[in-house]
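Letter by letter, the chains look like this.
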Amino acid sequence: PYGFAIWEKMQAELDRMFKETGHQNAYFPLFVPKSLFEAEEKNAEGFAKECAVVTHYRLQNDPENEGKLRVDPEAKLEEELVVRPTS
């Protein structure tokens, strides 16, 4: 809880400083459909090798390894999601 309170104070102070200079905050989605990521060629070219990709939406118990999980093969996404890179 203390860490989050510190983050909130930092965020409030940064927000105040940004607004004093006429800037606006912007939030961006964490997951971007691969087709949209590819549409921005500069993104695909500059970050493609460094991106994590989400391919499935569910895990299941692994029947062959007790206490372990595996990706549910029936839970494949229709379109892969790229985890937005930071710059």
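Bear in mind that the values here come from a model prediction, so they are computed numbers and not experimental data.

## Things to note about the pairing of strand β5 (residues 76–83)
Okay, so step 1: Pairing of strand β1 (residues 31–33) with β5 involves three bridges; the strand directions are antiparallel. Bridge pairing links V32 to V82 in β5.
Okay, so step 2: Where strand β2 (residues 53–56) lies against β5, three bridges are found, and the strand directions are antiparallel. In the sheet register, V54 faces β5, and the bridge partner there is L81.

## Some points on the pattern of salt bridges
Okay, so step 1: Taken as a whole, this structure holds five salt bridges when the rule is applied.
Okay, so step 2: The residue K19 makes a salt bridge to D15 at a minimum N-O spacing of 3.2 Å. Of this pair, K19 and D15 both sit in helix α1 (residues 2–20), four residues apart, which is roughly one turn of that helix.
Okay, so step 3: Among the ionic pairs, E80 bridges to K34, the shortest N-O distance being 3.2 Å.

## A short note on the environment of T55
Okay, so step 1: If you trace the backbone, T55 turns up in strand β2.
Okay, so step 2: Classification of T55 as partly exposed rests on a relative accessible area of 27%.
Okay, so step 3: Along the backbone, T55 and A75 are 20 residues apart, and their C-alpha atoms lie at a distance of 8.6 Å.
Okay, so step 4: If we skip the residues at most four places from it in the chain, T55 touches A75, K76, L77 and E80.
Okay, so step 5: Side chain to side chain, T55 and H56 meet in a polar contact 2.8 Å long.

## Topic: the sheet that holds β2
Okay, so step 1: The three strands lie next to each other as β1-β5-β2, forming an open sheet whose pairing is antiparallel. Among the strands making up the open sheet, the edge pair consists of β1 and β2. Sheet twist, expressed as the mean angle between neighbouring strand axes with direction ignored, is 35°.

## Some details on a nonpolar patch on the surface
Okay, so step 1: Together, F4, I6, W7 and M10 give the surface a local cluster of nonpolar side chains, amounting to about 440 Å² of exposed area.
Okay, so step 2: Residue placement: W7 occurs in helix α1.

## A few points about the side chain of D62
Okay, so step 1: Looking at the secondary structure, you find D62 in the loop between β3 (59–61) and β4 (69–71).
Okay, so step 2: Put simply, D62 is tucked away with no salt bridge, and the nearest opposite charge, on R70, sits 4.4 Å away.
Okay, so step 3: A distance of 2.9 Å separates the side chain of D62 from the backbone nitrogen of E64, its partner in a polar contact.
Okay, so step 4: Each residue touching D62, except ones within four places of it in the same chain, is listed here: K68, L69 and R70.

Thresholds applied
- All chains use their own residue numbering, which begins from 1 and follows the written sequence.
- Local features in a predicted model are, by the rule used here, given only for residues with pLDDT of at least 70; side-chain atom pairs are given and counted only at 80 or more, and totals for whole chains, interfaces and linings are based on all residues.
- The side-chain figures draw on all heavy atoms in the structure; neither hydrogens nor water molecules are used.
- Any two strands with at least two DSSP bridges between them are considered paired.
- Each helix corresponds to a stretch of at least 4 residues labelled H or I by DSSP, and each strand to a stretch of at least 2 residues labelled E; elements are numbered beginning at the N terminus.
- The rule for a salt bridge is simple: a side-chain nitrogen of Lys or Arg has to be within 4 Å of a carboxyl oxygen of Asp or Glu.
- Burial classification: accessible surface area is computed with a 1.4 Å probe over protein chains only, and a residue below 20% of its type maximum counts as buried, one above 50% as exposed, and the rest as partly exposed.
- Note on contacts: a residue pair qualifies if any of its non-hydrogen atoms lie within 4.5 Å across the two residues.
- Counting of polar contacts relies on pairs of N or O atoms within 3.5 Å, with two restrictions inside protein: one atom must be capable of donating a hydrogen and the other of accepting it, and residues adjacent in sequence are counted only when both atoms are side-chain atoms.
- Axis definition: a line fitted to C-alpha atoms, limited for helices to the stretch in contact. Angles are taken between N-to-C directions and run from 0 to 180 degrees.
- By definition, no residue in a patch forms a salt bridge, and every one has over 30% relative accessible area; like charges are joined within 9 Å, nonpolar side chains (Val, Leu, Ile, Met, Phe, Trp, Tyr) within 5 Å.
- Per-residue and other accessible areas follow the Shrake-Rupley method at a 1.4 Å probe size, with only the shown protein chains counted as cover for residues.
- Positive charges come from Lys and Arg alone, negative charges from Asp and Glu alone, with His and the N- and C-terminal ends not counted.

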